[in-house]
Amino acid sequence: MLFNLAGKTALVTGANTGIGQAIAIALAEAGADIVVAGRSEAAETGAGVAALGRGFLDVRADLSSTEPVRRVMDEALALNGRLDILVNNAGIIHRADSLDVVEEDWDTVMDTNLKSVFFLCQAAARHMVRSGGGKIVNIASLLSFQGGIRVPAYTASKSALAGLTRALANEWAAHGINVNAIAPGYFDTGNTAALRADPARERAILARIPAERWGQPDDLAGAAIFLASRASDYVHGIVLPVDGGWLAR
Ligand code: NAP
């Protein structure tokens, strides 16, 4: 029962593919109804959730600006009249030498990975404060701890996201809201396609992973269910690495 999400409603952003899709399916397997929000249709995710017998709603929103935040929250609440879990997964990465980064790309990364996340957290928490609590899970990164290479805006956004997670946890724990983050290691998704396409980088990354393989999105299911469920009721403000041991190296 500690991990049972029956009767809960979860909103997962960027769940048409990759990590967000795996987390949405995992939360549905644990019993939650699922709302997804993103700029692309999430038909495959919807089919997976429906096959598990859970409710599903697909909300169209470009989260590179805060403009759709209020509507996303209103539409999410329309499914069951409640929101218990928010997973801020939608994120973007731009790779370029720091000497060449242009302002527009910097802003897109920061607005998507950080600014929209804050205002989604705020909108969800305003509801959760009234309803007596909830769970917020932000998808951080190893670059919440490390500098990375050729991704300065991404590193800045994910490092800030770790700080934001702690700041919100401090303010909202007393309201019964758990704000935590997951830091995935190197996962086989669109986010890392450029790394895997470069054989030297691919080998160098793999050589440092004690588990001797890249992560698959399903590897995040347990951490997501833990942080979305009663099992984590006394866990606040952590950034939980799920990285095959990368940070331990
Ligand atoms: P992905 O396959 O590229 O998925 C990214 C998701 O974010 C997609 O659903 C994408 O939608 C959505 N998204 C991007 N910009 C958006 C916008 N403006 N509005 C709405 N949705 C938007 O990569 P992923 O690995 O699953 O990434 C998911 C999260 O994990 C990201 O926050 C990423 O930073 C984080 N992460 C990934 C890794 C890894 O190794 N893969 C490691 C650490 C952290 P579209 O399909 O429409 O673009």
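Residues numbered from 1 in each chain as written. Predicted model: local features only at pLDDT ≥ 70, side-chain atom pairs only at ≥ 80, totals over all residues. Heavy atoms only, no water.

**Student:** Hey, could you run me through the overall build of the protein chain in this one?
**Tutor:** Looking only at helices and strands, the protein chain has 8 helices and 7 strands in total. Relative to the globule expectation of 18 Å for 249 residues, the C-alpha radius of gyration of the protein chain, 17 Å, shows essentially globular dimensions. Expressed along its principal axes, the backbone C-alpha trace of the protein chain runs to roughly 50 × 35 × 35 Å. Evaluated residue by residue, the protein chain yields a buried proportion of 49% over its 249 residues. Separation of charge centres in the protein chain, based on 22 positive and 26 negative side chains, amounts to 6 Å. (Helix = DSSP H or I, 4+ residues; strand = E, 2+ residues; numbered from the N terminus. Rg over C-alpha atoms; globule rule 2.2 N^0.38 Å. Buried < 20%, exposed > 50% of the residue type's maximum accessible area, 1.4 Å probe, protein only. Lys, Arg positive; Asp, Glu negative; His and termini not counted. Charge placed at Lys NZ, Arg CZ, Asp CG, Glu CD.)

**Student:** When you look at the environment of I85 in this model, what are you seeing that I'm missing?
**Tutor:** Its place among the elements puts I85 in strand β4 (residues 85-88). In the structure, I85 is positioned 73 residues away from V12 in sequence and 8.3 Å away in space, judged by C-alpha atoms. Here I85 is in contact with L5, K8, T9, A10, L11, L27, M128, K135 and A228, once residues within four sequence places are set aside. (Contact = heavy atoms within 4.5 Å.)

**Student:** Hey, could you run me through the pairing of strand β3 (residues 56-60) in this one?
**Tutor:** The side chains of a regular strand alternate, first on one face of the sheet and then on the other. In this structure, strand β2 (residues 33-38) lies alongside β3, joined through 5 bridges in parallel fashion. Bridge pairing links V36 to D58 in β3. For the crossover from β2 across helix α2 (residues 43-51) to β3, the handedness is right-handed. (Pairing = 2+ DSSP bridges. Right-handed = clockwise from strand over helix to strand, strands pointing away.)

**Student:** What am I meant to see in empty space enclosed by the protein here?
**Tutor:** Where empty space is left can be seen by rolling a probe of water-molecule size over the atoms. Throughout the structure, instances matching the rule amount to 1 cavity of 30 Å³ or more. Lining the largest cavity, in full, are T13, L63, N88, N89, A90, T112, S116, V117 and L120. With 4 residues, the top contributor of residues to the lining of the largest cavity is helix α4 (residues 103-131). Partitioning the lining of the largest cavity into residue classes produces 4 nonpolar, 5 polar and no charged. (1 Å grid on protein atoms, 1.4 Å probe; cavity = no way out; pocket = protein on both sides within 12 Å on 5 of 7 lines; lining within 4 Å. Points joined across faces, edges and corners; volume = space filled by probe spheres on them. Nonpolar A, V, L, I, M, F, W, Y, C, P; charged D, E, K, R; others polar.)

**Student:** When you look at the pattern of salt bridges in this model, what are you seeing that I'm missing?
**Tutor:** If charged atoms from side chains of opposite charge come close, those side chains can pair. Tallying each qualifying case throughout the model produces 7 salt bridges. Of the charged contacts in the structure, one is a salt bridge between R196 and D188, with a shortest N-O distance of 2.9 Å. The class for R196 is partly exposed, based on a relative accessible area of 28%. Residue D188 is classed as partly exposed on the basis of its relative accessible area, which comes to 31%. Note that D219 and R213 form a salt bridge whose closest N and O atoms lie 2.9 Å from each other. (Salt bridge = Lys/Arg side-chain N within 4 Å of Asp/Glu carboxyl O.)

**Student:** Sorry if this is basic, but what is going on with the UniProt feature "domain: Ketoreductase" (unreviewed entry) in the protein chain here?
**Tutor:** Those residues carrying the UniProt feature "domain: Ketoreductase" (unreviewed entry) are residues 8-185 in this numbering. Between the C-alpha atoms that bound residues 8-185 there is a distance of 28 Å. The span itself is 47% helix and 19% strand. (UniProt positions renumbered as here; feature names shortened; annotations may be inferred.)

**Student:** Teacher, can you tell me more about the packing of α4 against helix α5 (residues 152-172) here?
**Tutor:** Helix packing geometry: the angle between the two helix axes and the distance between the axes. Viewed as axis vectors pointing N to C, α4 and α5 meet at an angle of 15°, and their least axial separation amounts to 8 Å. Our classification of the angle between α4 and α5 gives roughly parallel. Crossing of α4 over α5 shows right-handed handedness. In this structure, α4 uses W106, V109, M110, N113, L114, V117, F118, C121, Q122 and A125 to contact α5, whose residues at the interface are P152, A153, Y154, A156, S157, K158, A160, L161, L164, L168 and W172. (Axes fitted to C-alpha atoms, helices over the stretch in contact; angles between N-to-C directions. Parallel < 35°, antiparallel > 145°, perpendicular 65-115°, else oblique. Left-handed = near helix turned anticlockwise from the far one by under 90°.)

**Student:** For this particular structure, what's the right way to read unusual backbone geometry?
**Tutor:** Glycine aside, residues mostly have negative phi, and peptide bonds are mostly found in the trans state. A positive phi angle is found at R150, which is not glycine, with a value near 65°. Following the sequence through the fold, R150 ends up in the loop between β5 (134-139) and α5. When its relative accessible area of 39% is taken as the criterion, R150 is described as partly exposed. Of note in the backbone geometry, E212 takes a positive phi value of approximately 60° without being a glycine. Mapped onto the fold, E212 is located in the loop between α7 (199-208) and α8 (221-228).

**Student:** When you look at the layout of surface pockets in this model, what are you seeing that I'm missing?
**Tutor:** Of the voids in this model, the largest pocket is the one considered here, and its volume is about 1,000 Å³. Lining the largest pocket are 45 residues, and of these G91, I92, Y154, T189 and N191 lie nearest its centre. Contributions of two or more residues to the lining of the largest pocket are made by α1 (18-29), α4, α5 and α7. Approximately 300 Å³ is the volume found for the second largest pocket. Residue assignment for the lining of the second largest pocket shows that the elements contributing at least two residues are α4 and β5.

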